[in-house]
Amino acid sequence: MTYDEIAASLPAKAVTSIDGLPFPKIASGKVRDIFDLGDALLITASDRLSAFDVILPDGIPGKGVILTQMSNWWFAQAAKANIVPNHLLPDQPGEFARRGIKDRDLQLRSMIVRKLKPLTIECVVRGYLVGSGWDSYQKTGDVCGIKLPAGLRQADKLPEPIFTPTTKAPKGQHDEPINDAQGEAAVGAALYQKVKAASIALYTLGHDRAKQAGMILADTKFEFGTDEAGNLILIDELLTPDSSRYWPAESYAPDQSPPSYDKQFVRDHLLAINWDKKPPAPRLPENVIADTQAKYLTALKNLVG
């Protein structure tokens, strides 16, 4: 789909609940709901928004559509680059039709995917020193056991992208950074090395394409699974503003946390009103909702044009 087609399809009101489908719901996360189709899974991206690990009462209209369509675009780019297979079943329109999923909004925010065994780690690649990586570097001079050069500033570009995986914590708990040895212990040495290589290759693809679009891909998170034969498969979303930190290249400068095309705008608002980061979360003003949607749309337009 083109950017104009996606933008024109966004609902006027946020879709924060995916209900009424004739399939068993087997999981519900901060954004996505997963339904069991028997021989496959239906993954739907709602317009829910979380901040500081709390789901907010207001969603961002069309956010789930943007995330799904951007992921689909990136899945196609990664397939062309022959980096790693992904979980999408090949003929998505045909799959929707075969299963009686006719609602256009639901189609646009959904993927029908293979049933796979998710890995027990989350795969983070950093090309710039920011966020929790910057916090770790200030304390120890390293990130996930990777020693970095002295004297780096916040948001500095790293000499090369680094793989900094985390645990996959149960709902309500925080993921914890792990080093290579811990990662190998969690999934096996051979599979871990495949995951590491695929993650860095995907980050490089994303970084190079974002650069062409006038953006910097500072860091990102991937998730992988395996099939019955043990083959590595890319799952979940790919290089979206929810899983990645995109900066506008024109305003990038180190020694600060640059503005980003994601929900940082919402976090800043919540910090400004001194919310205690505990449920229930406060309602969001209309301008914050509109500006957040605009940031997601801008990232999409920059990429797919």
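This report concerns the structure included in the present document. (Residues numbered from 1 in each chain as written. Predicted model: local features only at pLDDT ≥ 70, side-chain atom pairs only at ≥ 80, totals over all residues. Heavy atoms only, no water.)

**Some words on unusual backbone geometry**
The test is simple: Only DSSP runs of H or I with at least four residues qualify as helices, and only runs of E with at least two residues qualify as strands; both kinds are numbered from the N terminus onward. Burial classification: accessible surface area is computed with a 1.4 Å probe over protein chains only, and a residue below 20% of its type maximum counts as buried, one above 50% as exposed, and the rest as partly exposed.
In this chain, Pro-279 is followed by Pro-280 through a cis amide linkage whose omega measures 0 degrees. Following the sequence through the fold, Pro-280 ends up in the loop between helix H8 (264-272) and helix H9 (286-304). Located in the positive-phi region is Leu-239, a residue other than glycine, with phi close to 55 degrees. Here Leu-239 lies in the loop between strand S14 (232-235) and strand S15 (244-248). Accessibility expressed as a relative area gives 0% for Leu-239, which makes it buried. For Asp-255, which is not glycine, the phi dihedral falls at a positive 70 degrees. Relative to the helices and strands, Asp-255 is located in the loop between S15 and H8. Residue Asp-255 is classed as exposed on the basis of its relative accessible area of 55%.

**Examining the sheet that holds strand S1 (residues 25-28)**
By definition, the strands of a sheet pair up through backbone hydrogen bonds, in either a parallel or an antiparallel sense. Threshold: One requirement defines pairing of two strands: DSSP has to find at least two bridges between them. Every axis corresponds to a line fitted to the C-alpha atoms, with the helix fit spanning only the stretch in contact, and the corresponding angles, defined between N-to-C directions, vary from 0 to 180 degrees.
Taken in spatial order, the 4 strands line up as S1-S2-S3-S6 in an open sheet, and their pairing is antiparallel. Pairing within the sheet leaves two strands with one partner each, and these edge strands are S1 and strand S6 (110-113). If you compare each strand with its neighbour and ignore which way they point, the axes differ by 20 degrees on average. Two elements, strand S3 (residues 41-45) and S6, share 4 bridges in a ladder whose sense is antiparallel.

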